[in-house]
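Coordinates in review
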Amino acid sequence: MRENVLLIGGGGREHAIARALEDSEADLYACAGNKNPGIARIAAGFETLETTDPDAVVDYAEDVEATIAVVGPEAPLDAGVADALEDAGIYAFGPKADDARIETDKAFQRRFMAENDIPGCPDFETFDDMDAACDFIDEYDGDLAIKPAGLTGGKGVKVIGDQVTPEEGKEYIRDSDYDRIVLEERLIGEEVTIQAFVANGAFETAPAVQDHKRAYEGDEGPNTGGMGSYSDATPSLPFMTDEDYEEAVSIIEATVDALDDYRGILYGQFMLTSEGPKVIEFNARFGDPEAMNTLPVLETDFIDVLTAARDGEAPPELEFAEQATVCKYAVPEGYPTDPKAGAKVQVDEESAGDALLYYASVEERSSSGNQNSKSSDDVDERDDGIYTTTSRSFAVVGVADSISEAEAIAEDALAVAGDEGLHMRHDIGKADLVQRRIDHMNELRGE
């Protein structure tokens with residue numbers, strides 16, 4: 001049976017999902033608030049709509065006679081899109097809103113871990129009284145991470161002793177309009193992401209990935225949605241042991257066991273400490289950029305994962321190519337604090353060479369006069385082409401036998417793109433950065 005798959009979301013992560021389904025026995029349809037040109041070229045149909053409106057998503061799913069839906073971003077999950085699709089008789093690979101709280105409510109997430117004895121949970125307290133939270137900072141013996149309980153696009157966390165002083169942390173809390181926050185012990189180590197494909201009480205995991213949140217090279221500057229990431233040709237990363245990977249997977253297993261009806265991707269963000277992996281957070285979907293490391297090396301047909309989940313089966317055993325990947329994002333100049341839109345994207349799928357190109361938040365202008373623009377007054381004066389917005393623009397991914405070879409492929413594509421109106425972190429995947437990670441873990445372990 002040929003499937004009609006509806007993809008919900010229009011970012012780089014969703015472009016990677018679309019690519020993973022491109023050669024499958026499936027007709028792909030997509031909907032998003034922005035028209036991603038890369039997805040639109042693959043899909044049989046693309047509808048621009050508000051993806052946090054469950055009724056609008058269901059109406060389009062019924063129009064295209066979708067048999068399976070894949071929910072990409074977290075906001076539609078929080079809005080109950082998976083619930084609405086199920087009520088309409090359409091299987092959604094993505095958790096219902098209640099299960100998505102493992103990501104969308106960080107206070108719930110920590111209480112869930114504590115109540116279910118899930119290992120790897122740091123010390124924490126939750127607050128809806130901001131003065132009490134500030135008092136806790138004064139009284140706590142050590143540094144703390146300040147986390148808004150709700151969704152912030154990966155940009156709301158402030159870490160005392162790293163990004164802010166205790167006084168600056170308290171000022172951040174008092175000046176914010178957050179109604180709930182979580183304070184938890186600052187974890188020292190190296191961050192690692194492991195993504196699990198979950199269905200019907202079972203799961204399969206992907207190779208570990210390391211994301212880079214800071215805007216500038218050398219891990220400096222403000223947090224972003226993610227400037228790039230890398231994976232190795234093995235399940236673990238160069239600074240990890242196989243035991244580290246398996247211990248993190250055991251934490252995912254305990255979490256899946258405690259989530260009775262979870263389906264979709266469960267993304268574990270871990271801090272590899274001297275005491276082993278600790279949970280920074282869980283996300284209820286593929287990471288962005290981590291999906292662009294994982295899906296290009298997935299040799300199992302992704303449609304088989306989706307149909308098994310829908311049909312009440314465990315995910316098939318996943319096969320991944322024994323290759324490394326390096327993903328580097330190009331973002332608008334000034335991102336994330338003062339991004340400037342309107343730069344023309346000079347690289348395309350052909351000129352990217354051996355790299356894979358994934359579009360994220362861009363606007364396309366064609367000679368027919370059609371365009372996707374929400375913010376630019378001067379779009380009619382532009383040449384045909386693809387232009388940046390104020391969010392992350394596109395990513396390039398190198399896939400090769402080693403991290404260094406993959407990094408070189410990604411860099412060649414960035415050279416074609418140029419840097420006019422764009423910013424990139426060129427250090428991601430470089431040998432010296434990877435070695436610093438190895439040295440850091442060796443130091444923490446006393447080796």
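Here the structure is shown first, and the text comes after it.
Residues numbered from 1 in each chain as written. Predicted model: local features only at pLDDT ≥ 70, side-chain atom pairs only at ≥ 80, totals over all residues. Heavy atoms only, no water.

**Observations concerning helix H6 (residues 97–104)**
Of all the residues in H6, the buried ones are Asp99, Ala100, Ile102, Glu103 and Thr104. Structurally, H6 contributes buried residues whose contacts are with helix H4 (74–78), helix H7 (106–115), helix H10 (242–258), strand S16 (264–273) and strand S17 (276–283). (Buried < 20%, exposed > 50% of the residue type's maximum accessible area, 1.4 Å probe, protein only. Helix = DSSP H or I, 4+ residues; strand = E, 2+ residues; numbered from the N terminus. Contact = heavy atoms within 4.5 Å.)

**Quick word on the packing of aromatic side chains**
Within this structure, the stated rule accounts for 8 aromatic pairs. Ring centres of tyrosine 172 and tyrosine 178 lie 6.1 Å apart, and the angle between their planes is 70°; on these two criteria the pair is classed as edge-to-face. Three or more aromatic residues link up through ring pairs in this structure, and these residues are Phe93, Phe197, Phe286 and Phe302. In this structure, arginine 285 packs its charged tip against the face of tyrosine 267, placed 5.8 Å from the ring centre. (Phe/Tyr/Trp six-rings, centres within 6.5 Å; stacked < 30°, edge-to-face > 60°. Lys NZ or Arg CZ within 6 Å of the ring centre and 35° of its normal.)

**As for the side chain of asparagine 283**
Examined against the element boundaries, asparagine 283 turns out to sit in strand S17. Apart from the residues lying within four places of it in its own chain, the contact partners of asparagine 283 are Glu103, Tyr262, Ile265, Leu266 and Tyr267.

**Side note on the pairing of strand S3 (residues 45–48)**
As paired strands, strand S2 (residues 26–32) and S3 are joined by 4 bridges and run parallel to one another. Within the sheet, the bridge partner assigned to cysteine 31 lies in S3 and is glutamate 47. Crossover handedness for the path S2 to helix H2 (residues 37–42) to S3: right-handed. (Pairing = 2+ DSSP bridges. Right-handed = clockwise from strand over helix to strand, strands pointing away.)

**Section: the sheet that holds strand S8 (residues 158–159)**
Spatially, 4 strands are ordered S6-S9-S7-S8 in an open sheet, and the strand pairing comes out antiparallel. Taken across any chain shown, the strands that pair with only one partner, and hence form the sheet edges, are strand S6 (124–127) and S8. The pairing of strand S7 (residues 144–148) with strand S9 (residues 181–185) spans 5 bridges and is antiparallel. Bridge pairing in S9 links leucine 144 to glutamate 185. Sheet strands touched by H7: S6, S7 and S9. Its angle to S6, the strand with the most contacts, is close to 140°. (Axes fitted to C-alpha atoms, helices over the stretch in contact; angles between N-to-C directions.)

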